[in-house]
Amino acid sequence: MSALNEIADRLDQAMFTATATPQIEEPISLDDAYEIQRLAFANRLARGETRVGMKMGFTSRAKMVQMGVDEMIWGRLTDRMLVEESGEVSKADYVHPRAEPEIVFLLKKELAGTVTAIEAMAAVEAVAPAIEIIDSRYKNFKFSHSDVVADNSSSSGVVIGPWTSQPQDLSNLGMILSANGEAREIGSTGAILGHPIRSLVAAARLVADRGETLPAGSIVMAGGATAAFALQAGDNVLLEAENLGRVQFTVKA
Ligand code: OOG
Ligand code: MG
C-alpha cells in the first residue's frame, strides 16, 4: 500500500468515526494532496455513496483570514452529505462541526476548463442559498493548504434552501446566518470573489486541471461568504439570503 493510500485511509476513518486525527507530518505536494482526496473519496463511493457535485473553498477573504490559507481549494460531495432542509443533524456524527453561509449552483450543462462568466451562467439551471456544515478531521481544526485539500476540503454536510431558476443579479445579496435567533455572521454574496459566478468559473478550471469535469446535474458550492462558527448541540441555525430565501437546520447532541 502506498503512503498516499495510508493517509487517505486514515482520513477516511477519521471522518467515518468522527475522531480527530493528527495533521499530515511530512510536507506533501498539492498534487499528492488532491490524490489523497481522490483515494479517500473512492472509499466513500465503495461504501455506496454517490457523487453529487463539488465545493469551492477559500473564495472569500473572511474564510482565508479565519483559516490562514489564501488559495482556492475544492472538494467532492456525495449524497450522504446532503442534509434535509429544516432537518436535524447530530453533533456526535462530526469531529467539531462549523456552519457557514453559501450559494449553490445546479448545472444543466457540463462545464470544464476555461469558460467565461456568461458561459458559466448559461450552464446554471438554478441557484439556492445553502448552509455548509464543514468539519475538519484534523485536531483543533488546524491545517496547512495541502492538509485541508487531502481532507476533502473539510466537506461534511450541506443544507440547501429553495431553488430559484431565474436568479436576479447575484453580485451583492445580503446574507444573515443566525443561531437561535441571534445573528452570528453577516455578509454579502459579493464577498465571494466579488460575484459568486466567478467561483463557478474557477471550479470549471480547477477540476479540468485534474482531468475532471462538472457534469450536468451536479451542484457546485461557491464557498463561504463569511467566516464559519462552531456548532453546539441545541443550535437552530438559519440563513436568510436576500431575494433567495431561507434555509435552516437543527443540531442535536
Ligand atoms: C476549509 C473549507 C473552506 C469555504 O467555503 O471556504 C470552505 C475549512 O475552512 O475548513 O468550505
Ligand atoms: Mg464552505
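Below or above, wherever it landed, is the structure these notes cover. What you are looking at is a predicted structure, and each value in this text was computed from that prediction instead of being measured.

**Brief notes about the site of ligand 1**
Taken together, 17 residues surround ligand 1, and among them Lys55, Phe58, Glu100, Ser154 and Gly224 come closest. Here an oxygen atom of ligand 1 and a side-chain polar atom of lysine 55 are 2.7 Å apart. At 2.7 Å, a backbone N or O of phenylalanine 58 approaches an oxygen atom of ligand 1. Every element with two or more residues in the shell around ligand 1 is listed here: strand 1 (51–57), helix 3 (61–67), strand 5 (98–107) and strand 6 (124–134). Classifying every residue of the shell around ligand 1 gives 7 nonpolar, 5 polar and 5 charged.

**Some points on the coordination of the magnesium ion (ligand 2)**
In an ideal octahedron of six donors the angles at the metal are 90 or 180 degrees, and in an ideal tetrahedron of four donors they are 109.5 degrees. For the magnesium ion (ligand 2), every protein donor is listed as Glu100 (OE), Glu102 (OE) and Glu132 (OE), and the spread of their distances is 1.9 to 2.0 Å. Binding-site remark: the magnesium ion (ligand 2) is held by donors from one chain whose sequence spacing is E-x1-E-x29-E. For the pair glutamate 100 and glutamate 102, a shared accessibility class is recorded, and that class is buried.

**A few points about the sheet that holds strand 4 (residues 88–90)**
The sheet built from 5 strands is open, its strands ordered 4-13-12-8-9 with mixed pairing. The open sheet is flanked by strand 4 and strand 9 (182–188), the only strands paired with a single partner. Recorded for the sheet is a direction-independent mean angle of 20° between the axes of neighbouring strands. Bridge count between strand 8 (residues 174–179) and strand 9: 6 bridges; the pairing is antiparallel. What sits directly across from isoleucine 176, in strand 9, is isoleucine 186.

**Some thoughts on the pairing of strand 6**
Burial analysis of strand 6 places 10 of its 11 residues in the buried class, the great majority of the element. Where strand 5 meets strand 6, 10 bridges bridge the pair, whose relative direction is antiparallel. Along strand 6, the bridge assignment pairs glutamate 102 with alanine 130. Pairing analysis gives 4 bridges linking strand 6 to strand 7 (residues 157–160), with the strands arranged antiparallel. The partner of isoleucine 131 across the bridge, within strand 7, is valine 159.

**Notes on the packing of aromatic side chains**
This model, assessed by the stated rule, comprises 2 aromatic pairs. Geometrically, the ring pair formed by tyrosine 34 and tryptophan 74 is stacked, given 5.4 Å between the ring centres and 25° between the ring planes. Taken as a pair, tyrosine 34 in helix 2 (residues 30–46) and tryptophan 74 in strand 2 (residues 73–78) lie far apart in primary sequence, 40 residues in all. Residue tyrosine 34 shares its accessibility class with tryptophan 74, and that shared class is buried. When the centroid spacing of 6.2 Å and the interplanar angle of 50° are considered together, the rings of phenylalanine 141 and phenylalanine 143 count as tilted. The class of phenylalanine 141 is buried, set by a relative accessible area of 4%. Assessed through its relative accessible area of 13%, phenylalanine 143 is described here as buried. Above the ring of phenylalanine 229, the side-chain terminus of arginine 184 is found at 4.4 Å from the ring centroid.

Calculation criteria
- Residues numbered from 1 in each chain as written.
- Chains lettered and ligands numbered in written order.
- Predicted model: local features only at pLDDT ≥ 70, side-chain atom pairs only at ≥ 80, totals over all residues.
- Heavy atoms only, no water.
- Near = heavy atom within 4 Å.
- Polar contact = N/O pair within 3.5 Å; in protein donor to acceptor, adjacent residues only side chain to side chain.
- Helix = DSSP H or I, 4+ residues; strand = E, 2+ residues; numbered from the N terminus.
- Nonpolar A, V, L, I, M, F, W, Y, C, P; charged D, E, K, R; others polar.
- Donors = N, O, S within 2.8 Å, 3.2 Å for Na, K, Ca; no water.
- Buried < 20%, exposed > 50% of the residue type's maximum accessible area, 1.4 Å probe, protein only.
- Pairing = 2+ DSSP bridges.
- Axes fitted to C-alpha atoms, helices over the stretch in contact; angles between N-to-C directions.
- Phe/Tyr/Trp six-rings, centres within 6.5 Å; stacked < 30°, edge-to-face > 60°.
- Lys NZ or Arg CZ within 6 Å of the ring centre and 35° of its normal.

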